[in-house]
Amino acid sequence: MDQRFVAAVGQAIGLPTWSVPAKHLRPIVGSEGTLEFGADAIAYLSSARDESRTWRYSDIDSMASSGPFQLTITTLEKPFNFQLKQPITEARYNQLWLQIEKKNGRIQ
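> Please explain the packing of aromatic side chains as it appears in this structure.
The relation between two aromatic rings is expressed through the spacing of the ring centres and the mutual angle of the planes. Tallied over the entire structure, the rule returns three aromatic pairs. Measuring from centroid to centroid gives 5.0 Å for Y44 and F82, while their planes differ by 50°, and the two rings are tilted. Here F82 lies in strand β7 (residues 79-84) and Y44 lies in strand β3 (residues 41-46), a separation of 38 residues in the sequence. Each member of the pair, Y44 together with F82, is buried. Seen in terms of ring centroids, W55 and F80 are 4.9 Å apart; in terms of plane orientation they differ by 55°. Their pairing is tilted.

> Got a minute to help me understand the nonpolar core in this structure?
For soluble globular proteins, the rule of thumb is that nonpolar side chains tend to be buried together. Counting residues in hydrophobic clusters, the biggest one holds 20 residues, and the most contacted among them are L35, F37, I42, I73 and F82. Going through the elements one at a time, β1 (18-25), β2 (31-37), β3, β5 (60-67), β6 (70-75), β7 and α1 (90-103) are the ones with two or more residues in this core.

> I keep staring at the sheet that holds β5 and nothing clicks. Help me out?
By way of backbone hydrogen bonds, the strands of a sheet pair with one another, either parallel or antiparallel. Taken in spatial order, the seven strands make up an open sheet running β4-β3-β2-β1-β7-β6-β5, and their pairing is antiparallel. Across the chains shown, the open sheet's two edge strands, defined by having one partner strand only, are β4 (53-56) and β5. Across this sheet, the average inter-strand angle for adjacent strands is 30°, counted without regard to direction. Taken strand by strand, α1 contacts β1, β2, β3, β5 and β6, and its axis lies near 165° from that of β5.

Scoring rules and cut-offs
- Residues numbered from 1 in each chain as written.
- Predicted model: local features only at pLDDT ≥ 70, side-chain atom pairs only at ≥ 80, totals over all residues.
- Heavy atoms only, no water.
- Phe/Tyr/Trp six-rings, centres within 6.5 Å; stacked < 30°, edge-to-face > 60°.
- Helix = DSSP H or I, 4+ residues; strand = E, 2+ residues; numbered from the N terminus.
- Buried < 20%, exposed > 50% of the residue type's maximum accessible area, 1.4 Å probe, protein only.
- Core = buried A, V, L, I, M, F, W, Y, C linked by side-chain atoms within 4.5 Å.
- Pairing = 2+ DSSP bridges.
- Axes fitted to C-alpha atoms, helices over the stretch in contact; angles between N-to-C directions.
- Contact = heavy atoms within 4.5 Å.

In structure tokens:
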């Protein structure tokens with residue numbers, strides 16, 4: 001039986017393959033932090049209380065972007081919308097999307 005992992009506390013994911021400063025957009029007040037992308041997980045690290053998260057790729061339902069400065073990560077917990085402080089290229093987005101889809105067994 002697969003044990004799903006939801007970490008409400010951001011944890012270091014080892015050496016990230018890519019990181020970007022980001023703002024977690026929320027209805028009232030967002031938080032500033034950094035999104036770190038590793039070989040098997042994504043971490044949002046923030047100094048704001050209760051804002052940091054870590055997600056294994058296998059626990060991410062989907063990832064979407066409506067432009068180079070926007071990224072939505074949909075998890076078991078909820079969708080997380082981020083405003084990126086640096087643009088994500090289409091090639092990098094496609095690479096991350098492919099990693100997540102492979103870890104979820106949706107593509108080979």
